[in-house]
Structures are given as C-alpha cells and as structure tokens.
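Structural overview
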Amino acid sequence: MTDITTEPRTDNGADHDDDHDLETGTSVSGIDRDAIYAAILGTWPELRERGREISAMPEFWRDDSLNMPEHRKRVFEQMHKLVEVGTPKLAFPKSVGGHENHGGNLAVFEQLLLADPSLQIKSGVQYGLFGSAIMHLGTEVHHKRWLPGVIDLSIPGAFAMTESGHGSNVAALATTATYDESTEEWVINTPFRNAWKDYLGNAAKDGVAAVVFAQLITKGVNHGVHAFYVPIRDGEGNFLEGVGGDDDGVKGGLNGIDNGRLHFTNVRIPRDYLLNRYGSVEPDGTYSSPIESPGRRFFVMTGTLVQGRVSLDGSAAVAQQASLQIAVTYANQRRQFDNTRSGRETVLLDYGRHQRRLIPRIATAFAATFAHDELLREFDAVFSGAGDTPERRADLETLAAALKPLSTWQAMDTMQEAREACGGAGFLAENRIVGLHHDFDVYTTFEGDNNVLHQLVGKRLLDDYAAKFKGVDARGQARIVAGQVAGKAFREIGLARLGGTVGDLGNSARSVGWLREPENQRELLEARVEEVIAEIGMELGKVAKASPAEQNDVFNANQDKLIRAARAYAELTQWDAFTRKLETFDAGSETHRVMTWLRDLFGLSLIERDLQWYLLAGRLTTRRARLVTGYIDRLIQRLRPLSQELVDTFGYSNEQLRAKISNGQELERQEEANAHYVALRESGEEPQDEREIYRLKRGSRR
C-alpha cells in the first residue's frame, strides 16, 4: 500500500526542440510510454496511483443493479471503507491527525471518479466542502472540536450554501443568522421558500450537521455572508427542533448521494458555532474582522473554498482519458464494411471521419491533464502556505474559474462523442461511458455554473485591460485607444491580408511552416482573447460616466462575447501548459516529436474552429486559413498508428475502466468471426455470393 504521506516530486525537463517537420516522411515509432505516463500522473504520482488502486478495488465499484436507496446505502458504507484506507486524512491539519497534503489529497480524490462518481462526490461533500469549510473558515477551537469526527465519519455533514432562489449569487443569500445578546446565541432562519438550502449532499438522510452560510446580523447591522456550524439531526436520524427538509429524489445522475433541502425556523446555536476566522462576535454582540472591507472579506472567505473547482477540473481530465481509452480501444478492434474486398471488414479507426472524431480529442485530453497539474501545484502552493499571497490567491481563483468550466465542457463533449463512436455498444451501461456521462453532467454546474465562472474570468480580464489606463491622463488614454483602433482598422481594411497573401503566394510549405511555429500558434490564440477584451473594454469605456442602468445595458450586450473571450483565455492556458510540458521530454526524441504533434493538433483545432473570426479580423490570410484544415488532417494521419499507444499511456486497467468493449472481448469476437470465414473459404464449402454471379452475368453481356 502506497504511503499517503508521500511528498510531491519535482521534474527537471530537457530543453524544448521545436523541430517537428512532417515533410520528411520519417516513420514514427518507439515512443517512451513510461515518460508519457509519468507526465499524466503529474506532480503527485504515488498518490494519484493510490487513487487508481482504490478505484480498482471491487468494494468501491458502482453497482448498476441497485435502486436509489440501495445505491445510497452502498455509497455510505464505501465512505467508511475510505476512512479505513486513510485517504480522508490527507488534507487536514496535523493537529487532528491529518497530513496537510492539499495537492496530494486532490490527486487521490480525482481518481475516485472511476470507482463511482457518487462515491467521489459524496466524499467531496464530506471532506472537500463540509470539512474544508470548518478547516479554512474556523479556528483551532473548531478544528479540535469537530474535525476528528468529520474525518472518521462520526459527523457526516452537509455544505449548506446554495439556496433554491440563489445559486451562484452567494452574496445575496436570504438565510439569516441573527445574534441574540441575551442568550449569546445565533438564531438561524430561512424566511421564505426560496431561502431553503437546496441540492445538498448528505442533507436528505445521512447528515447530522451542516455548515450553513447565512447573513450575519448583530446590533442591527448585516455584516454579510458568514459560515455557521449547525446540528441538524439527533442520534436517531430525526431532525432537531426547528430544522426541516425534503429529499431531492431521483436525479439525472449521482443517485448514490442523498441530495436534499434544509430549512430553519428559529434554530438556536451557541455564539462560538460561528466559524470565525474572518469575522467574530463578542458576547455583547460587537463584530470585528481582520479584513475591514466587507467586499474583500466576502471574496477571501469564498476563495478558501476554491479546491472544489480545482478537483472538478482534475476529474474532467480523468473522464476524458477514460472515455477515450475505451472508445479508441474499441475503434481499433471493431470492424464494419469490407471496403477493399479483402475478406475482412475495415477497423473503425481506419475511417477518416472516425479519426477526426477521436484523435483531436486525445490531444485535448493531454492539454487538460497538463493544465490541471499546473493548477493543482498552484493550489497546493497557496493552501500549504508556501506561496500564500493575496496576488497568488487571486490568480488561483481566476485560473480555477477559467479551467473548471472549460475542462468539464470538454469532458461532456468527449464522452458524448466517445459514446456515439461506440455505436449501440456505447449505450450499454456495461461499457461505462453512458453512465459516466450521466453522472458527470452536473459537474458543469457544481461549484459555480460554468457560464457564471467564465463571466468572472472575463471581468478579471477587463480589470487587467482597464489597468493599462490607470494613472494615464486623457491625452495618454487617447493615444492608447487610437493605437488600438488604428491596429484594428489596419487589419479590417485588408492591408495585413494583402501583405500576407503576397508573402505566401505560391508557397504552401512556407504557410504550413508558419502555422507550425509555436510562437505563431500562441499569437493567434492570444489574439482571440486580447482583441475581444479590448473591444469590450472600449465599449464600456464609452459609458463610464453614464448611469448604472446604461452601463448594465452595454455590459449585457457584450456578455456573450465576454464569456467566449474567457473560454479562449482558458484554452490558451491549456495550450501554454502543454507547451511547457514538452520541455520534460527528451529533446529530439520520438516522444518529444509525437507530443509536439499533439500540442499542434490541439492548438490548430482551436484555430480551425474560429477560422471565420481570424479571417474577419485579418489575423490569417485566406491561404493560411485553407491550409489549417489540411495540416490538421496530416497530423491526424501521422497520429493514427499511435492512437492506441497514446490512450494506453493514460494507464487505466480493466478493473478501473470496467468496460467490456475495451477488455479484449471485441477483439476475440472479431478474430473468431474471421477464423470462421477463413475456414469456410478454405474448405470449399463457402456459398457463392449472388452479387458475384450478377456481376459476372453483366460482364458477359458486354
């Protein structure tokens, strides 16, 4: 058994070699699968493998034969088995028996997706939300009082933030916690139906306590949202006085989790049940906080819970890897149509369309995986204290808000394509993809709706754009804007396109070479962010002194554009991470060459998707735009023979995937069928094909 206290490793990579010419026709073989697997495992390889070991244990597997109550019971029993394994201790303070290994904890957690997503998310509720809220928002008193019970599961708990009427808008939560000086107690209320806490794991059945987020009111002043520890059930499983709730019932997935609603009517808790790291109340009701600004205090408190977004980003990479390993393995074994009249039907992945469906998504999975490892390292640096500064926390929150939406969308897209690429077999529960797809669907909503998170990223990008004008007088601002407008006009009137066309005229190889250069790929991907943000920034600048309503109208008119720019920023982040990861492979090796092709395929696929924008913006000539698709096709052809090796480097065993179509059965069936027809032909007993008779007749008539 792997030691769960293992420290993260440090990779010292070789220099990067950009020479990846496809013109030479060099045969690619002998990639170093161990090196790629090491890159997949990332910074905490031992703990990530430990998570994989757990997901391969039958006692942690999802049982599709169970109904919802049985599934919930099994998952809660599996939670106790996780306690026995010891992994829940990883992130918690050493003072309560933990290991304070924040990055390693998530490396294990992300792999639990392949055991049962319900188990993964229920453990995430218990340890990553309920327990983390106590750890990060409480003080040493709270840690010693409650965290041991959180870890050993004697205190199963809910994370009561979301309300029926308020999800992403946490600052507007309607639940109140009003301080009663006469009894030194908090009085918790959900004043109307939309204030009920909703969609909460552990709320419908198992939870005995909840961390409740409510508006803190004392001495007639609302100090904003704070977190409170609130007991909700007695030892018999009955709601305590003033607490009520409902079961959310059957969901689109994750039915092993007892999601439910909670409501509170004059529920009283002691004064020190306020998790008061960032805000305290004295017995007389006086409020104090180490952070004077209410707005900044709110963002610091909610920012401590960023690990949920980080872990979902990693889970999305796992979902992409697993579904592709299943689908590509099947596509390399399943056969359809004897197109060459060779006596054998064609392997699915030999069809160009099938290659287009799956191989670019392999590149995307690698990009998502490498970007996540960088995000996880940054998360660990901040939460371990090694690099905890306000600037790094802000950057971490932005990065997590950028990558979690992108990778969960990518995972949903990849799983759907993989499911379809496996045909009817992909729709069978025994082949995992459809079940993973259903369970994973809500990950796009967990820890913040994806579109809302990308809007937050877009606002950060706008803030960075506005910072260019800070301290600049009106004349200087005019020069900046004029320069941007002039550059935009230069591209729009076609001069840039004309010059590019002349330079490319009659030389396709030169254009392809230009597209291959990483600095050119990056410049194109970067433009998709910077130019759009500049356009929005200038539009907002025009109404800077207008009424709030007018400003909101302009912002709303640009909202969709802003969210698309944020997605482009996240994609650029993944491309950058992939490029940095190339430095860890031996320069000039076949492995480096192939991984560079994958990086190029990822970047150029993004550019191909937005070709219309690049043409209209004058960022690409028509010649280069036409060659993007052709070059992508050539990359796919080069990568096709390596497709199985590449997905095998993800490293999942049959016990982890548990998909019958990828465990060798399909290959056995295909070989059995082929042997049957070969024997039939050799015996001379093969019936004559009527179509051959018909063709011979037609030939004789001519």
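Look above for the structure.
Residues numbered from 1 in each chain as written. Predicted model: local features only at pLDDT ≥ 70, side-chain atom pairs only at ≥ 80, totals over all residues. Heavy atoms only, no water.

If you trace the backbone, Leu524 turns up in helix α17 (residues 518-542). In this structure Leu524 comes out as buried when scored by relative accessible area, which is 4%. Here the alpha-carbon distance between Leu524 and Lys545, two residues 21 residues apart in the chain, equals 34 Å. Setting aside anything within four residues of it in sequence, one finds Leu524 in contact with Trp514, Ile607, Tyr614, Arg619 and Leu620. (Helix = DSSP H or I, 4+ residues; strand = E, 2+ residues; numbered from the N terminus. Buried < 20%, exposed > 50% of the residue type's maximum accessible area, 1.4 Å probe, protein only. Contact = heavy atoms within 4.5 Å.)

Within the secondary structure layout, Phe578 lies in helix α19 (residues 559-582). Along the sequence, Phe578 and Asp600 sit 22 residues apart, while their C-alpha atoms lie 9.6 Å from each other. For Phe578, the residues in contact, after removing those within four places along its chain, are Ala363, Phe366, Ala367, Phe370, Met595, Leu598 and Arg599.

On to empty space enclosed by the protein. One pass over the full model with this rule turns up 3 cavities of 30 Å³ or more. As a volume, the largest cavity reaches approximately 100 Å³. Surrounding the largest cavity, 15 residues form its lining, Ile40, Arg48, Gln321, Thr369 and His372 being those nearest its centre. Elements with a minimum of two residues in the lining of the largest cavity: α1 (33-41), α2 (45-55), α4 (102-111), α8 (307-331) and α9 (352-384). Every residue lining the second largest cavity is listed: Leu525, Arg528, Ala568, Glu571, Leu606, Arg609, Asp610 and Tyr614. When residues of the lining of the second largest cavity are traced back to their parent elements, those giving at least two are α17, α19 and α20 (590-609). Here the lining of the second largest cavity is composed, by residue class, of 4 nonpolar, no polar and 4 charged. (1 Å grid on protein atoms, 1.4 Å probe; cavity = no way out; pocket = protein on both sides within 12 Å on 5 of 7 lines; lining within 4 Å. Points joined across faces, edges and corners; volume = space filled by probe spheres on them. Nonpolar A, V, L, I, M, F, W, Y, C, P; charged D, E, K, R; others polar.)

In this structure, Trp186, Phe213, Ile362 and Phe366 are the most contacted members of the largest nonpolar core, which totals 186 residues. It is α9 that contributes the most residues to this core, 14 residues altogether. Excluding anything up to four places from it in sequence, Phe366 contacts Ile36, Ile40, Phe578, Met595, Leu598, Leu646, Thr649 and Phe650. (Core = buried A, V, L, I, M, F, W, Y, C linked by side-chain atoms within 4.5 Å.)

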